[in-house]
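Chains, contacts and geometry: an overview
Residue strings, one per chain:
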Amino acid sequence: MLNIEEQAMSAIRSRKASAEASAEQNLQYLLGKPEFLDNYDEIQQQILVVARSFGTAKEKVEKNKLNMLRQKQLNVVSNLGLNPTCLFPNYSCKICNDNGYLDGKKCQCLDQEIRKILYKNVNQGNKNFTFASSSDRVNVVAYSSCKEFCLSYPSAKYLNMLIMGKSGVGKTYLCSAIANQFIDKEVETLFLTAYELNNKFLSIHLAELDRKLEMLESLQSVPVLIIDDLGAEQIFKNVTLEYFFALINQRNFARLTTIISTNLSLTNILSRYTERTFSRLANKHNTLLIELVGADKRLSK
């Protein structure tokens, strides 16, 4: 599987190739027009003349002749009813001409393409929910801890995070802010509700073996997995608990970060998901426990 930057560069290269192919197609069309072809041949010959005159007294004169021929070419193209710019690739990024890099550094178009790819995995999140835009003045310490967790990744003290709190206290907002912070760091992040994850488990359970392994791999290998509203999903017999344990266990073993929000208390998590899953979700040496407090924000609006 291509990494995120490789995927982004592939998209940029595709745009570049398309722009250049379009310009080449326009050139081939115009070369079929006698008035353009004559001028084109003159330009090619004059380019050679300029090259031979380099460093001589005639260089400036020959360059001026070349510029005049090129201006004539633009007029010919216009007279044929086309925009003269059709001869040049219309690159999406005018800064790096769709190269992705400029002077050895990532161009802003590459950063934008990376973010676009990363956001495909956080559809349940909200791009506008960030730590900076939060108006929560009750859970400032909790927000600060979560932000520090993200900023220090992948060297954070804890591998995972468990966000608890009653309904409406802002857990989904916080999960979205965390997802956006990871995207700012260009860390691949998958954001799912527990309901969506549970449906994925059911689809995996019913799939053919080769497809089953492929579907599991996407959950098991993503660097950061965010599961929102754990406990709201239905328990499917022989599916939900078994696949959830296997996923959490595998991710812990691979040292991949999992962030979970839930309305459940630790006692309820234990009784609902069994002791072996609980021990992996709430291990105080491995998991940062965050508790949000306050009134239901939905009811106060």
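In this report, the structure presented in the accompanying data block is examined. (Residues numbered from 1 in each chain as written. Predicted model: local features only at pLDDT ≥ 70, side-chain atom pairs only at ≥ 80, totals over all residues. Heavy atoms only, no water.)

**A closer look at the overall build of the chain**
Counting secondary structure elements, the chain contains 11 helices and seven strands. Taken over the C-alpha trace, the chain has a radius of gyration of 29 Å; the compact-globule value for 301 residues is 19 Å, which it surpasses by more than 25%. In terms of overall dimensions, the chain has C-alpha extents of about 90 × 50 × 40 Å along its principal axes. Put simply, the chain has 301 residues, and 42% of those count as buried. Considering only contacts in the chain between residues 6 or more positions apart, those separated by 24 or more positions represent 76%. Taken as a whole, the chain presents about 17,200 Å² of accessible surface, with 52% of it coming from carbon and sulfur. The distance from the centre of the 37 positive side-chain charges to the centre of the 31 negative ones in the chain is 4 Å. (Helix = DSSP H or I, 4+ residues; strand = E, 2+ residues; numbered from the N terminus. Rg over C-alpha atoms; globule rule 2.2 N^0.38 Å. Buried < 20%, exposed > 50% of the residue type's maximum accessible area, 1.4 Å probe, protein only. Contact = heavy atoms within 4.5 Å. Areas by Shrake-Rupley, 256 points an atom, 1.4 Å probe, with all protein chains shown as cover. Lys, Arg positive; Asp, Glu negative; His and termini not counted. Charge placed at Lys NZ, Arg CZ, Asp CG, Glu CD.)

**Here's the deal with helix α2 (residues 34-52)**
Helix length check: α2, at 19 residues, gives a terminal C-alpha distance of 28 Å against a target of 27 Å (1.5 Å per residue), a fit within 8%. Every buried residue of α2 is listed here: F36, N39, I43, Q46 and V50. Buried residues of α2, seen end-on, are gathered within an arc of 90° and therefore sit on one face of the element. Pointing more than 90 degrees away from the buried face of α2 are the exposed residues P34, Q45, L48, A51 and R52. The inward-facing, buried residues of α2 contact α1 (4-30) and α3 (59-79). (Expected span 1.5 Å × (residues − 1). Arc of directions from axis to C-beta.)

**A closer look at the pattern of salt bridges**
Summed over the entire model, instances satisfying the criterion amount to 10 salt bridges. For E113, the salt bridge is made with K116, and the minimal N-O distance between the two is 3.5 Å. In this pair, E113 and K116 both sit in helix α4 (residues 108-119), three residues apart, roughly one turn of the helix. K116 sits in the partly exposed class, given a relative accessible area of 47%. Taking the shortest distance from any N to any O, the salt bridge between D184 and R115 comes out at 2.5 Å. Placement of D184 in helix α6 (residues 171-184) and of R115 in helix α4 is noted, with a sequence separation of 69 residues between them. Residue classification places D184 among the partly exposed residues on the basis of a relative accessible area of 48%. One connected set of salt bridges, linked through shared partners, spans R15, E113 and K116. (Salt bridge = Lys/Arg side-chain N within 4 Å of Asp/Glu carboxyl O.)

**Quick look at the packing of aromatic side chains**
Enumeration according to the criterion identifies seven aromatic pairs in this entry. Seen in terms of ring centroids, Y143 and Y173 are 6.4 Å apart; in terms of plane orientation they differ by 45°. Their pairing is tilted. With a gap of 30 residues between them, Y143 in helix α5 (residues 140-152) and Y173 in helix α6 connect regions that are remote in the sequence. The exposure class assigned to Y143 is buried, which follows from its relative accessible area of 7%. Arranged with centres 5.1 Å apart and planes meeting at 85°, the rings of Y153 and F182 form a pair that is edge-to-face. Linking Y153 in the loop between α5 and β3 (160-164) with F182 in helix α6, this pair joins segments that are 29 residues apart in sequence. Since its relative accessible area comes to 18%, Y153 is described here as buried. Among the aromatic residues, those joined into a ring-pair cluster are F129, F131, Y143 and Y173. The positively charged end of R276 is found above the aromatic ring belonging to F245, 3.8 Å away from the centroid. (Phe/Tyr/Trp six-rings, centres within 6.5 Å; stacked < 30°, edge-to-face > 60°. Lys NZ or Arg CZ within 6 Å of the ring centre and 35° of its normal.)

**Describing a negative patch on the surface**
Side chains of E35, D38, D41 and E42 sit close together on the surface and give a patch of like negative charge. Mapped onto the elements of the fold, E42 is located in helix α2. (Patch = residues over 30% accessible without salt bridge, like charges linked within 9 Å, V, L, I, M, F, W, Y side chains within 5 Å.)

**Examining the packing of α5 against α6**
Closest axis-to-axis distance for the α5/α6 pair is 9 Å, and the angle between their directions is 25°. In terms of orientation, α5 and α6 fall into the roughly parallel class. Crossing hand, α5 versus α6: right-handed. Judged by residue contacts, Y143, C146, K147, F149, C150 and L151 of α5 engage Y173, L174, I178, Q181 and F182 from α6. (Axes fitted to C-alpha atoms, helices over the stretch in contact; angles between N-to-C directions. Parallel < 35°, antiparallel > 145°, perpendicular 65-115°, else oblique. Left-handed = near helix turned anticlockwise from the far one by under 90°.)

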